[in-house]
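Inside the fold
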Amino acid sequence: MNILELSEQEIIRRNSLEQLRRMGIDPYPAAAFAVDGYAGEIKASFRDDAEPRQVTVAGRIMSRRIMGKASFMELQDATGRIQVYLTRDDLCPDENHTELYNTVFRKLLDIGDFVGVRGFVFRTQMGEISVHARELTVLSKSLRPLPIVKEKDGVVYDGFSDPEQRYRQRYVDLIVNAGVKDLFLKRTKIFNSMRAFFNEKGYIEVDTPVLQTLPGGAAARPFITHHNALDIPLYLRIANELYLKRLIVGGFEGVYEFSRNFRNEGMDRTHNPEFTCMEIYVACKDYLWMMEFTEQLLERVCMDVLGDTAVKIGDREIDFKPPYRRVTITEAIREHTGVDIGGMDENALRAACDRLGVEQDETMGKGKLIDVLFGEKCEHTYIQPTFITDYPVEMSPLTKRHRVRPELTERFELMINGKEIANAYSELNDPIDQRQRFEEQLRLSEKGDNEAMYIDEDFLRALEYGMPPTSGMGIGMDRLTMFLTGQESIQEVLLFPQMRPEKPARKDPPEKYAACGIAEAWAPVLQKAGFPTVASLAGANPQLVRQALFDINKKYKLELENPSAREVEAWIEAVSGQQVQS
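Small disclaimer: the values here were computed from a predicted structure and weren't measured. (Residues numbered from 1 in each chain as written. Predicted model: local features only at pLDDT ≥ 70, side-chain atom pairs only at ≥ 80, totals over all residues. Heavy atoms only, no water.)

Tallying secondary structure elements over the protein chain gives 19 helices and 20 strands in all. Across its three principal axes, the protein chain shows a C-alpha extent of roughly 90 × 85 × 50 Å. Restricting to contacts in the protein chain with at least 6 residues of sequence separation, those with at least 24 account for 64%. Total accessible area on the protein chain is roughly 29,400 Å²; 49% of this is exposed by carbon and sulfur atoms. Within the protein chain, one finds 74 positive and 91 negative side-chain charges whose respective centroids are separated by 4 Å. (Helix = DSSP H or I, 4+ residues; strand = E, 2+ residues; numbered from the N terminus. Contact = heavy atoms within 4.5 Å. Areas by Shrake-Rupley, 256 points an atom, 1.4 Å probe, with all protein chains shown as cover. Lys, Arg positive; Asp, Glu negative; His and termini not counted. Charge placed at Lys NZ, Arg CZ, Asp CG, Glu CD.)

Below, the discussion takes up a negative patch on the surface. Negative charge collects at one region of the surface, where Glu359, Asp361, Glu362 and Glu376 lie side by side. Mapped onto the secondary structure, Glu362 falls in the loop between α11 (346–356) and α12 (366–377). (Patch = residues over 30% accessible without salt bridge, like charges linked within 9 Å, V, L, I, M, F, W, Y side chains within 5 Å. Salt bridge = Lys/Arg side-chain N within 4 Å of Asp/Glu carboxyl O.)

Locating Val493 in the fold gives a position in the loop between α15 (477–484) and α16 (510–514). Classification of Val493 by relative accessible area gives buried; the value is 0%. Residues Val493 and Gln527 lie 34 residues apart in sequence; the distance between their C-alpha atoms is 38 Å. Once you skip the residues sitting within four places of it in the chain, Val493 turns out to touch Leu183, Phe184, Arg187, Asp478, Thr481, Met482, Thr485 and Gln487. (Buried < 20%, exposed > 50% of the residue type's maximum accessible area, 1.4 Å probe, protein only.)

Here strand β18 (residues 411–416) lies mainly inside the structure; six of its six residues are buried. Residues Arg411, Glu413 and Met415 point to one face of β18 and Phe412, Leu414 and Ile416 to the other, with burial holding for every one of them. Examined bridge by bridge, strand β17 (residues 386–389) and β18 share four bridges and lie antiparallel to one another. Looking across to β18, one finds that Phe387 is bridged to Leu414. Of the strand pairs in this sheet, β18 and strand β19 (residues 419–426) are connected by six bridges, and their pairing is antiparallel. (Pairing = 2+ DSSP bridges.)

Further remarks concern the sheet that holds strand β5 (residues 129–140). Taken together, the five strands give a closed barrel; going around it, the order is β1-β2-β3-β5-β4, and neighbouring strands pair in mixed fashion. Put simply, the sheet's adjacent strands are angled 55° from each other on average, direction ignored. Bridge count for strand β1 (residues 54–67) against strand β2 (residues 70–77) is seven bridges, and the pairing is antiparallel. Among the inter-strand pairings, Ile66 is bridged to a residue of β2, identified as Ser71. (Axes fitted to C-alpha atoms, helices over the stretch in contact; angles between N-to-C directions.)

Structurally, the position occupied by Asn177 is in the loop between α6 (170–176) and α7 (180–200). There is a polar contact of 2.6 Å between the side chain of Asn177 and the side chain of Asp173. For Asn177, the contacting residues outside a window of four places in its chain are Val149, Phe160 and Arg166. (Polar contact = N/O pair within 3.5 Å; in protein donor to acceptor, adjacent residues only side chain to side chain.)

With that out of the way, let us pick up unusual backbone geometry. Excluding glycine, residues mostly carry a negative phi; peptide bonds, for their part, are mostly trans. For the bond running from Pro322 to Pro323, omega is 0°, close enough to zero to count as cis. Residue position: Pro323 is located in the loop between β15 (316–319) and β16 (325–328). For Asn417, which is not a glycine, the phi torsion comes out positive at approximately 55°. Exposure remark for Asn417: the relative accessible area of 15% places this residue in the buried category. Of note in the backbone geometry, Glu559 takes a positive phi value of approximately 60° without being a glycine. Within the secondary structure, Glu559 sits in the loop between α18 (542–555) and α19 (565–581). Of the residues examined, Glu559 reaches a relative accessible area of 76% and is grouped as exposed.

Time to look at the nonpolar core. Ranked by internal contacts, the top residues of the largest apolar core, which has 46 residues, are Met194, Phe198, Met278, Ile280, Met473 and Ile475. Here this core takes nine residues from helix α9 (residues 287–306), the largest share from any one element. Residues contacting Met278, with those up to four places away along its chain left out, are Met194, Phe198, Tyr256, Glu257, Phe258, Met473, Gly474, Ile475 and Met477. The next biggest cluster of nonpolar side chains, apart from the first, holds 27 residues, and it includes Val57, Leu86, Val131 and Val138. (Core = buried A, V, L, I, M, F, W, Y, C linked by side-chain atoms within 4.5 Å.)

Okay, the sheet that holds β16 next. Strand order in the open sheet formed by eight strands is β8-β12-β13-β20-β19-β18-β17-β16, and the pairing between neighbours is mixed. Among the strands making up the open sheet, the edge pair consists of β8 (204–205) and β16. The pairing of strand β12 (residues 254–262) with strand β13 (residues 274–283) spans nine bridges and is classified as antiparallel. By the bridge assignment, Tyr256 is partnered in β13 with Ile280. This element, α9, spans β13, β16, β17, β18, β19 and β20 (470–476) of the sheet and lies at about 35° to β20.

Here the structure, examined in full by the defined rule, presents 43 salt bridges. Of the charged contacts, one joins Asp48 and Arg123 as a salt bridge, the two residues approaching to 2.8 Å between their closest N and O atoms. Of this pair, Asp48 sits in the loop between α2 (39–45) and β1 while Arg123 sits in strand β4 (residues 114–123), and the two are 75 residues apart along the sequence. According to the relative accessible area criterion, Arg123 is partly exposed, its value standing at 35%. Between Arg260 and Glu274 there is a salt bridge; the shortest N-O distance is 3.0 Å. Of the two residues, Arg260 is situated in strand β12 and Glu274 in strand β13; the sequence distance between them amounts to 14 residues.

A word on the packing of helix α10 (residues 329–337) against α12. Packing of α10 against α12 leaves a shortest axis separation of 10 Å and a crossing angle of 50°. By the angle class used here, α10 and α12 are oblique. Regarding α10 and α12, the two cross each other, and that crossing is left-handed. Only Ile370, Leu373, Phe374 and Lys377 of α12 make contact with α10, whose side of the interface consists of Ile329, Ala332, Ile333, His336 and Thr337. When its residues are assigned to classes, the contact of α10 with α12 shows six nonpolar, two polar and one charged. (Parallel < 35°, antiparallel > 145°, perpendicular 65-115°, else oblique. Left-handed = near helix turned anticlockwise from the far one by under 90°. Nonpolar A, V, L, I, M, F, W, Y, C, P; charged D, E, K, R; others polar.)

It is worth stressing that arrangement in space is one thing and function is another; only the former is reported here.
Listed below in structure tokens is the structure:
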């Protein structure tokens, strides 16, 4: 790496790294370090009247206070932070060999470094549970300085708070921002609670393909890739529904999967193109049973993770305690728009959308028109958990027709905080009806609907072997995690949300500087001085430029021959003349 690309702190840390190696200390040792104590557990189990406990801890140095022969540092491990007390006499009992304390700890270690400590637990005079160090081991040298987040009287200063930086550098976010790791631990608890609930019912967790020859199970635009060995196009999974239903055909009573799905669509505070969905299918059940099952599931998850069914999201308190309100989609649209969509054809729906100012286009069929009408005028109003039920057939190509009203289907979506969190059906198991629904989707595709479903002949063949009455349900795990942790952006609950690639700062190549009479060796120095392009030199003060070059040459020990005042003036004149010509 070019030394000019490093900050002063990075150069100092690299120098410390080399000095450790010269002292015979490996800054990245290969041997295991046997840890037997962790910050959270040590503090929780400490008793003042007990014998001093011998412990071995490891963690990242987060702060230091050096006070002559004695010092304190704070270590952060996976469970929290703990103070460590160190003295020169403890670490270096031989007075003729004090390098470990005087040189290694005081001069060569930095905030961010990983160290291991062996010692005993005690309480300081200030009342803080700490580890009294007897041995110190360097485990990993940090070459980049951490942002130093300060807190006083509950107010955070110099926080690592820019969302783009936090999401791009989640590893730094986890280190320095309190509460971020706890949020992701809660996410894991949500998944574990669901698994336990399903497993107690005897349902089986399975895996289905991510790469599929046909993208099915949802109305969404897929990502397309190519399989070189088979020489065929493949699609990244948009849903796993059709595969899970094949397993019900095969004889499983209940199957579920936490699947990574991919949809080549928009991004916002509640959407990410790569997301996690839980889907479950249970034989001999219907959507009415699934509503009660969903209520039981979410109540259980809330109690396991939060110890309560109520959660705060912004200024709203949402209670997951059953029962949840049930409203048909027809009633919802009538309530919020005054429009009764019952019996409306496509033209009537278009006219209603126009009257209400709902944007639509010619590619949309009846189902999509109802969907955008509900989404724009109704969805955001359902804050407390509410089941929206009985969708028209045109909106639900995989759903069984309603047992009383055949123009509707036995489907519900669960709305929470104005967003869909779950989608469920009494699953369509009539292969003839299913083929007709797929063919209608094909007609929509031919009209230009790029989210219409494909005809999956193998899935139709599976249904022809017979699938028992089945209910299925999918939950967006990222949104659920948002709600149960009180977050308002999906990026906060994804460890690595999708983002545009970072754009490196624009810099001209050395040859472009050379074309203006500037020696190529000076190009990176000029860029370090704040002139990343040749054009940025135009009109610069020659004296200030020359002084900056002198300072960098000396500071970084580049040993370049400093340019004369006339040379720098000539550079700037050449650049300025070039700018005038262009």
